[in-house]
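Residue-level structural notes
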Amino acid sequence: MSSSVAVVSSRGAKRLASGHPWIFRSDLAEAPGVPAGPVRIADPRGQPLGWAWWSPTSEIVLRRVERRSDAVIDRAWWRAALAHAIARRASLASVTNACRLVHGEGDGLPALVVDRYDRWLVVQLLSAALEAQRAVIVDVLQELTGAAGILARNDAPVRAREGLPKSVEVLAGGVPEEVEVDEHGVTYLAAPWTGQKTGAFLDQRENRVMLRTHARGRALDVFSYHGSFALHLARGAESVVAVDASASALERARANAARNRIDTLTCVEADAFDYLRDAAARGERFDVIALDPPALAKNRGSIAGALRGYKELNLRAMRLLAPGGMLFTASCSYHVTKPMFLDVVHDAAADSQRPMILRALTGQPLDHPELLTIPETGYLKGLLLENGEA
Ligand code: SAH
């Protein structure tokens, strides 16, 4: 008779003990005889190891979520877990109305993403076990946040690996096409239904504010999306150029500039590599540059190509920096590790023949917690560099 407990191999138990919550199919010693949902887990000797999300079709069959085996994953459990995650962000309430409330494994809630945009929430349920608990999650989120509406952006490709359909649907209330976000005094419209990620790139909030303190003269925002860095830079710079390959993103950048009464923004629809090369050929110089490309390495196999891309972009950006100019450069590729990124920017600095000073190394903000024992929770790296030329 099959039991409701999932048994993991001793290798799997070791992995859990090291602080990583994932159990792969090869480390599942005995499958539980229950559908997707929370299950108790045990090691081969029957030692209880707590609770995990059970995903029968996924390669990641179990994700541990609770170490206490005497716990019960019910509404009260969800209430405590979500309240804890939300409380971690309390200090952000005074500077923004948009932030990530739950960053999956980083918040001890595997496969769950919840982003708040003002009075609305956008959730991603990225495991079959979460889908099975959808009603209680939505109910508790509503109770804790008083959200006017909750949208599921369940269009992430990883849903397929869980045997789940892709869909974008309202789970509670109503959710508008656009939501006004206030970020440290700059406002922009996020697009929860159609925008990248869940509507905006919340993870760069603090980096935008950091770079803004250096804004002066001519500023450049490469891979601008809807102008997020550009809007902050416009507070201190005389002029800002925003470059992106997407016409619709730039359309929103223009609207966002108007919303902030900024008339010093020029939007350029171009491939970033070409723009940087051509600007250098024209002899242009910028006092401050933001370089925030999309993830160039989508998987392990594309790391080498991605590193060439990062090197090229950074080299070209460094050549455009005026003496004393500041460059903020980022990588959001999970597969490009911190040392790899530092190495590649180092190579670019060497080739640029400019004395590039490392002013700051940045990671993820407090609403995107990166757990040291779970590398998958970390992806964003940033460097603030100064051109030390006189
Ligand atoms: N800096 C933005 C986020 C950038 S996301 C923020 O803080 O909100 C990456 C952006 O790069 C997207 O808007 C995408 O349209 C753009 N992009 C992707 N490939 C590009 C390319 N080759 N040239 C220019 N823009 C590109």
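In what follows, the structure referred to is the one given above.
Quick summary incoming for the structure in this document. Just so we're clear, the structure is a prediction, and the values are computed from it rather than from any experiment.

1. Side note on the site of the ligand
- Around the ligand, the structure places 16 residues, and the nearest of them are Ser 228, Asp 244, Asp 271, Ala 272 and Asp 292.
- One nitrogen or oxygen atom from the side chain of Asp 244 is found 2.6 Å from an oxygen atom belonging to the ligand.
- Within the backbone of Ala 245, one N or O atom sits 3.0 Å away from a nitrogen atom of the ligand.
- Isolated, the ligand exposes 580 Å² of accessible area, and the fraction of that covered by the protein chains is 88%.
- In terms of residue class, the shell around the ligand is made up of eight nonpolar, four polar and four charged.

2. Considerations on a nonpolar patch on the surface
- Together, Leu 342, Leu 358 and Leu 361 make up an exposed nonpolar region whose accessible area comes to about 290 Å².
- Mapped onto the elements of the fold, Leu 361 is located in strand S19 (residues 356-362).
- Under the relative-accessibility criterion, Leu 361 is labelled exposed at 59%.

3. Side note on the packing of aromatic side chains
- Taken as a whole, this structure holds seven aromatic pairs when the rule is applied.
- Members of the aromatic cluster, each reached through a chain of ring pairs, are Trp 53, Trp 77 and Trp 78.
- One Lys or Arg, Arg 208, reaches over the ring of Phe 229 and ends 5.5 Å from the middle of that ring.
- Residue placement shows Arg 282 over the ring face of Tyr 275; its charged tip is 5.8 Å from the ring centre.

4. Looking at the pattern of salt bridges
- Scanning the entire structure with this criterion turns up 32 salt bridges.
- Among the salt bridges present, the one from Asp 155 reaches Arg 153, with a minimum N-O distance of 3.2 Å.
- Given a relative accessible area of 6%, Arg 153 falls into the buried group.
- A salt bridge links Glu 312 to Arg 316; the nearest nitrogen and oxygen atoms lie 2.9 Å apart. Taken together, the residues span about one helical turn, with Glu 312 and Arg 316 both in helix H10 (residues 303-320) at a distance of four residues.
- Through salt bridges with shared partners, a single ionic network connects Arg 75, Arg 79, Asp 139 and Glu 143.

Cut-offs and rules
Residues numbered from 1 in each chain as written. Predicted model: local features only at pLDDT ≥ 70, side-chain atom pairs only at ≥ 80, totals over all residues. Heavy atoms only, no water. Near = heavy atom within 4 Å. Polar contact = N/O pair within 3.5 Å; in protein donor to acceptor, adjacent residues only side chain to side chain. Areas by Shrake-Rupley, 256 points an atom, 1.4 Å probe, with all protein chains shown as cover. Nonpolar A, V, L, I, M, F, W, Y, C, P; charged D, E, K, R; others polar. Patch = residues over 30% accessible without salt bridge, like charges linked within 9 Å, V, L, I, M, F, W, Y side chains within 5 Å. Salt bridge = Lys/Arg side-chain N within 4 Å of Asp/Glu carboxyl O. Helix = DSSP H or I, 4+ residues; strand = E, 2+ residues; numbered from the N terminus. Buried < 20%, exposed > 50% of the residue type's maximum accessible area, 1.4 Å probe, protein only. Phe/Tyr/Trp six-rings, centres within 6.5 Å; stacked < 30°, edge-to-face > 60°. Lys NZ or Arg CZ within 6 Å of the ring centre and 35° of its normal.

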